[in-house]
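# Residue-level structural notes
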Amino acid sequence: MESCMVLQMLNDVELQFLINNSALTSEAAAEDSWLVNRENLSIVIDDLTERLQSPQRVITAAQLSKNYSFALLVPILYSMTVFQKGIDASGSNSFVELSKEGVYSLHIKEMSFESFEPGERNVWRDNILQKLFKDNLSLLHKSLSTLTKIPESILWENVASYIYWLYEFRLRQEDTVSPFISEDFRYIVMDAPGSVFGKDYNPIKNCFKFIEKEDKTIVRIRKTCCLTYKLPGSPVFCGDCRLNPVNKYDTACKPTHIFG
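Computed from a predicted structure; not experimentally measured.

What counts, and at which threshold
- Residues numbered from 1 in each chain as written.
- Predicted model: local features only at pLDDT ≥ 70, side-chain atom pairs only at ≥ 80, totals over all residues.
- Heavy atoms only, no water.
- Helix = DSSP H or I, 4+ residues; strand = E, 2+ residues; numbered from the N terminus.
- Buried < 20%, exposed > 50% of the residue type's maximum accessible area, 1.4 Å probe, protein only.
- Contact = heavy atoms within 4.5 Å.
- Areas by Shrake-Rupley, 256 points an atom, 1.4 Å probe, with all protein chains shown as cover.
- 1 Å grid on protein atoms, 1.4 Å probe; cavity = no way out; pocket = protein on both sides within 12 Å on 5 of 7 lines; lining within 4 Å.
- Points joined across faces, edges and corners; volume = space filled by probe spheres on them.
- Axes fitted to C-alpha atoms, helices over the stretch in contact; angles between N-to-C directions.
- Parallel < 35°, antiparallel > 145°, perpendicular 65-115°, else oblique.
- Left-handed = near helix turned anticlockwise from the far one by under 90°.
- Salt bridge = Lys/Arg side-chain N within 4 Å of Asp/Glu carboxyl O.
- pLDDT = per-residue confidence, 0-100.
- Phe/Tyr/Trp six-rings, centres within 6.5 Å; stacked < 30°, edge-to-face > 60°.

### Overview of the overall build of the chain
Counting secondary structure elements, the chain contains six helices and nine strands. Across the 260 residues in the chain, those meeting the buried criterion constitute 52%. In the chain, of all internal contacts separated by at least 6 residues, the share reaching a separation of at least 24 is 68%. Split by element, the accessible area of the chain, about 12500 Å² in all, is 52% carbon and sulfur.

### Regarding the layout of surface pockets
Estimates place the volume of the second largest pocket at around 240 Å³. Contributing to the lining of the second largest pocket are 14 residues, with V36, N37, R38, Y68 and G91 lying nearest its centre. Only β2 (34-36), β4 (94-98) and α4 (121-148) provide two or more residues apiece to the lining of the second largest pocket. In terms of residue count, α4 provides more of the lining of the second largest pocket than any other element does, four residues in total.

### A word on the packing of helix α3 (residues 57-83) against helix α6 (residues 181-191)
Across the interface, α3 lies against α6 with an axial gap of 9 Å and an inter-helix angle of 135°. With respect to α6, the axis of α3 lies oblique. When the axes of α3 and α6 are compared, the crossing they make is right-handed. Seen from α3, the contacting residues are L77, M80 and T81; seen from α6, they are I181, D184 and I188.

### Some points on the environment of C225
Relative to the elements of secondary structure, C225 occurs in the loop between β8 (218-222) and β9 (254-255). Looking at C225, the relative accessible area reads 11%, which means it is buried.

### Side note on the pattern of salt bridges
For the structure shown, the criterion picks out twelve salt bridges. Of the charged contacts in the structure, one is a salt bridge between D32 and K100, with a shortest N-O distance of 3.3 Å. Here K100 lies in the loop between β4 and β5 (104-108) and D32 lies in the loop between α1 (12-21) and β2, a separation of 68 residues in the sequence. A relative accessible area of 44% places D32 in the partly exposed class. With a shortest N-O distance of 3.4 Å, E183 and R125 are connected by a salt bridge. One end of the pair, E183, is in helix α6; the other, R125, is in helix α4, with 58 residues separating them in the sequence. Accessibility expressed as a relative area gives 37% for E183, which makes it partly exposed. Counted as one network, the salt bridges with shared partners bring together R121, R125, E183 and D184.

### A word on the confidence of the model for the chain
Averaged over all residues, the pLDDT of the chain equals 86, while 87% of them reach at least 70. Across the chain, the element-wise mean pLDDT spans from 50 in strand β1 (residues 5-8) up to 96 in α4. Note on residues 1-7: pLDDT under 50 across the span, and 22 contacts to partners over four residues away in sequence or across chains.

### Some details on the packing of aromatic side chains
For the coordinates displayed, the defined rule picks out 13 aromatic pairs. Aromatic pair F70 and W165: ring centres 5.6 Å apart, planes at 55°, arrangement tilted. Residue F70 is located in helix α3, and its partner W165 is located in helix α5 (residues 152-173); the two are separated by 95 residues in the primary sequence. Note on F70: relative accessible area 32%, which makes it partly exposed. Ring geometry for Y164 against F208: centres 5.0 Å apart, planes inclined by 75°, an arrangement best described as edge-to-face. Separated by 44 residues along the polypeptide, Y164 in helix α5 and F208 in strand β7 (residues 208-212) bring together distant segments of the chain. By the burial criterion, Y164 is buried, and F208 matches it.

The structure is reproduced here in C-alpha cells:
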C-alpha cells in the first residue's frame, strides 16, 4: 500500500479554501479550549452537558459526535475527492478543538498530504478513509458508547448524514469539477469494506431507510434519532428524522441520488 504514496503539499489556494470553507484551521489551539480526545472525553462530556443544559450525557454524546464528525469529515473528504490530496486524519495526526464559545476546529499536526501514482487511486483512497474512520471516528464512537451507553448506530448515522450532505448537496451546489464525486460517494456509503471502518461491515451502508415515492423520487429517512430535539430551545425534529410526523407521508424526507 505504501508504495503508491507520494507526499505533497496542498497549494496555498487549496489550503486557504479549506480553512475558509470548513473547520480546518492553521491557528494554534486556545489555552482555554478542550482538545477532544479519548483521554479527557468524560470531562469534556460533563462540561458540554452543562453548557448545552442537556438532560442526559447520552444526548450530549450525540451532539458531540455530530459536531466532531462535521469538523473532521468535510475537509478530509473534500480534499480527497476534489483536490486529489489525502490528509492524514488519524487520531495520532489530528485533533478537534472545542472552544469555550462552542466552536469545533480541526487541527492537523503534520501538514503533508498523500497523493498517488497512476492506477493506484483505489488503494490510496482506502488508506485515507481508513485513517479517517478506523483510526479516528471509530475509536471515538467506541469511547462515547462506553462512557454514555449511546448506541454506535446513532453515531454512525450522524457521520452518514454529513457524508450525504457533502456529496449530494455541498459539492453539487458548488458545481464542483471532479470526476470522482459520484464514485467516491457510492464507494464510501455502499461499497467500502468494513476494514476501512475498523469493523466487520460497512456501518454507513444501512443507516437510512430508502423509499421510492409515486413520482419515482427516492428519499431517505434515518433509522435512529440524533436526539437534538431533546435539547432546550432546539427545533422539534431534523428534516430526515424518523420521528418527524410528516415523514410518514414522505414529504419532508431527504431526496437522494445514490441510486442514480
